[in-house]
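Listed below are the residues making up each chain.
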Amino acid sequence: MLNTIHLSCDLCVIGGGISGMAAAISAAREGLDVVLMHERPMLGGNASSEIRMWICGAHGKNNRETGILEEISLENMYRNPTKSFAIWDTVLYDFVRREKNIRLLLNCTCMDAKFETGEFPHGRDRRIVSVTGYQMTTQRFYEVEAIFFSDCSGDSILAPLTGAEFRLGREAASEFGELSSTEVADSKTMGMSCLIQGREATRPVTYTPPEWAAKLNDKHFEHRMPNLEHPAENFWYLELGGDRDSIGDTEALRDELVSLAAGTWDYVKNSGNFSAENWDLDFLGFLPGKRESRRMVGEHILTQPEISAGTVFDDEVAFGGWPLDDHFPGGFYHRGHPNTNYLTPAPYSLPYRCLYSKNTDNLFFAGRNISATHMAMSSTRVMATCALLGEAVGKA
């Protein structure tokens, strides 16, 4: 029989991506006893060395996100001038480890929860008692009792485990009067990507693709032309899964994405269309970076018209500014441009009511799973915005 370790705390945060880190650090600095449960061996989520997506936020020169994210960014600039992902992982780890009020559970997957039902304040009908995680390295279970819980897992794992209300997929345009071509609501989402990075060497480097690499040609790369010289090229458009189950199909999609990534590098290196003789494959991710899955339902559901109109909320706790960057569900196999891109007011207001559950008394959330429509989430999902949301949850 495997052992179970019992812990109790004020706040249990599920998910150690940028939003979960910010929530845990912010709460710990307010004096709360925090347990941060994260299923990966390193922190950072989509920004970690496993996925390597850069941290985006509100556009415009005057809209830099400050607070905890700025602390992390400044320390990384000082300690990591060569932008090494190995050092970046240690910077993130340091920021959590140095907080004496945080107990960090890495390699620990939230897999179960206990909750009670009844009549709770403000019309809530349930309250979470504890969550259980399995730590694969120690083969132990951790049961964590807490006063408050914050789901920063991205996939909103506490929704199916506790019955917290959530949404999945695209709303019909008519439901909230949104700028959307979706006439009938569906379960489609934005897809996920396995990113790749190249490195220029001082001599020619050959590339022999594996036999399972996708066979790609010029037709596949219409509207998606690789640019090795561009500093932001990470092949984000190698995207699949929006027209499938964005959680249940992840392993099968990973296999397809890895094949697509290897085939893309074969195309870049061996098609003759690029001056790529000296370029080497430096990184190919095996953990997909996910854009969208379950979104929790809070006291308020943020909508695209509210963002586009620059609505200022009385309970504003954060700001956004990234465009309405909605990716087509077909991803790489969607012919035409891979996404739509509508500018938003920068900055725009984000309300506190989108960060706590409508039906669960002690549940917060921060990250891409806040209470928002699909269209609104296409802007709020970026990590610098998520960091502000996490910091607000920790303060709350």
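In the block above lies the structure referred to throughout.
Predicted model, so just to flag it, every value in this text is computed and none were measured. (Residues numbered from 1 in each chain as written. Predicted model: local features only at pLDDT ≥ 70, side-chain atom pairs only at ≥ 80, totals over all residues. Heavy atoms only, no water.)

> How should the packing of helix H2 (residues 68–79) against helix H3 (residues 85–97) be read in this particular structure?
To describe two helices that pack against each other, one gives the angle between their axes and the distance between the axes. Where H2 meets H3, the axes come as close as 10 Å, and the angle between the chain directions of the two elements is 135°. The orientation of H2 relative to H3 falls into the category oblique. As H2 runs across H3, the sense of the crossing is right-handed. Counted together, Glu71, Ile72, Glu75, Asn76 and Arg79 of H2 and Ile87, Trp88, Thr90, Val91, Leu92, Asp94 and Phe95 of H3 form the full contact between these two elements. Taken together, the residues of the contact of H2 with H3 break down into six nonpolar, two polar and four charged. (Axes fitted to C-alpha atoms, helices over the stretch in contact; angles between N-to-C directions. Helix = DSSP H or I, 4+ residues; strand = E, 2+ residues; numbered from the N terminus. Parallel < 35°, antiparallel > 145°, perpendicular 65-115°, else oblique. Left-handed = near helix turned anticlockwise from the far one by under 90°. Contact = heavy atoms within 4.5 Å. Nonpolar A, V, L, I, M, F, W, Y, C, P; charged D, E, K, R; others polar.)

> Hey, could you run me through the side chain of Asp89 in this one?
You can see Asp89 is positioned in helix H3. Among buried Asp, Glu, Lys and Arg side chains, Asp89 stands out as unpaired, with Arg52 the closest opposite charge at 7.0 Å. Among the polar contacts listed, one links the side chain of Asp89 to the side chain of Ser49, at a separation of 2.4 Å. For Asp89, the contacting residues outside a window of four places in its chain are Met42, Leu43, Ser48 and Ser49. (Buried < 20%, exposed > 50% of the residue type's maximum accessible area, 1.4 Å probe, protein only. Lys, Arg positive; Asp, Glu negative; His and termini not counted. Salt bridge = Lys/Arg side-chain N within 4 Å of Asp/Glu carboxyl O. Polar contact = N/O pair within 3.5 Å; in protein donor to acceptor, adjacent residues only side chain to side chain.)

> Help me understand the environment of Arg97 in this model?
Along the chain, the position of Arg97 falls in helix H3. Counting along the chain gives 154 residues from Arg97 to Glu251, while the straight-line C-alpha distance between them is 31 Å.

> Explanation requested: the nonpolar core in the structure shown.
One recurring pattern in soluble globular proteins is that nonpolar side chains are buried together. If you look at the biggest cluster of nonpolar residues, it comprises 47 residues, and the most contacted ones within it are Val13, Val34, Ile72, Ile102 and Leu302. At the level of secondary structure, the elements contributing two or more residues to this core comprise strand S1 (4–14), helix H1 (18–29), strand S2 (34–37), H2, H3, strand S17 (348–351), helix H8 (374–380) and helix H9 (383–395). Judged by nonpolar contacts, the second largest core, of 27 residues, contains Ala214, Leu228, Tyr237 and Trp265. (Core = buried A, V, L, I, M, F, W, Y, C linked by side-chain atoms within 4.5 Å.)

> Can you help me understand the sheet that holds strand S10 (residues 239–240) in this one?
Across the sheet, which stays open at both edges, the three strands sit in the order S10-S8-S12 with antiparallel pairing between neighbours. Because the sheet does not close on itself, it has two edges, and the strands there are S10 and strand S12 (289–290). (Pairing = 2+ DSSP bridges.)

> How should the environment of Glu145 be read in this particular structure?
Position of Glu145 relative to the elements: it lies in strand S6 (residues 140–151). Between the C-alpha atom of Glu145 and that of Ile128, which follows or precedes it by 17 residues, the distance is 8.7 Å. Setting aside residues no more than four positions away along its own chain, Glu145 makes contact with Leu7, Ser8, Cys9, Val129 and Ser130.

> I tried to follow unusual backbone geometry on my own but got confused; where do I start?
Leaving glycine out, the prevailing phi sign among residues is negative, and the prevailing peptide bond configuration is trans. Following Ala346, the chain continues into Pro347 via a peptide bond in cis, with omega recorded as 5°. Inspection of the secondary structure puts Pro347 in the loop between strand S16 (339–342) and S17. Phi is positive for Asn107, close to 55°, though the residue is something other than glycine. Inspection of the secondary structure assignment puts Asn107 in the loop between strand S3 (102–105) and strand S4 (108–117).

> For this particular structure, what's the right way to read the pattern of salt bridges?
Working definition: two side chains of opposite charge can pair if their charged atoms are close together. This structure, assessed with the given rule, holds 31 salt bridges. For Asp361, the salt bridge is made with Arg127, and the minimal N-O distance between the two is 2.8 Å. Here the residue Asp361 occupies a position in the loop between S17 and strand S18 (363–365), and Arg127 occupies one in strand S5 (residues 126–135), the gap between them amounting to 234 residues. Classification of Asp361 as partly exposed rests on a relative accessible area of 27%. For the salt bridge of Asp315 with Arg353, the shortest nitrogen-to-oxygen distance reads 2.8 Å. Here Asp315, found in the loop between helix H7 (304–308) and strand S14 (316–320), pairs with Arg353, found in the loop between S17 and S18; they are 38 residues apart in sequence, far enough to count as distant. Residue Arg353 is classed as partly exposed on the basis of its relative accessible area, which comes to 27%. One connected set of salt bridges, linked through shared partners, spans Arg167, Glu171, Glu175, Glu292 and Arg295.

> Would you mind going over helix H6 (residues 250–270) with me for this structure?
Each turn of an α-helix holds 3.6 residues, which means side chains three or four residues apart point in the same direction. Over its 21 residues, H6 runs 29 Å from end to end, which matches the ideal 30 Å to within 8%, given 1.5 Å per residue. Of all 21 residues that make up H6, 16 are buried, and the element is covered over most of its length. In the stretch just after H6, Gly272 is the one whose phi turns positive, near 85°. (Expected span 1.5 Å × (residues − 1).)

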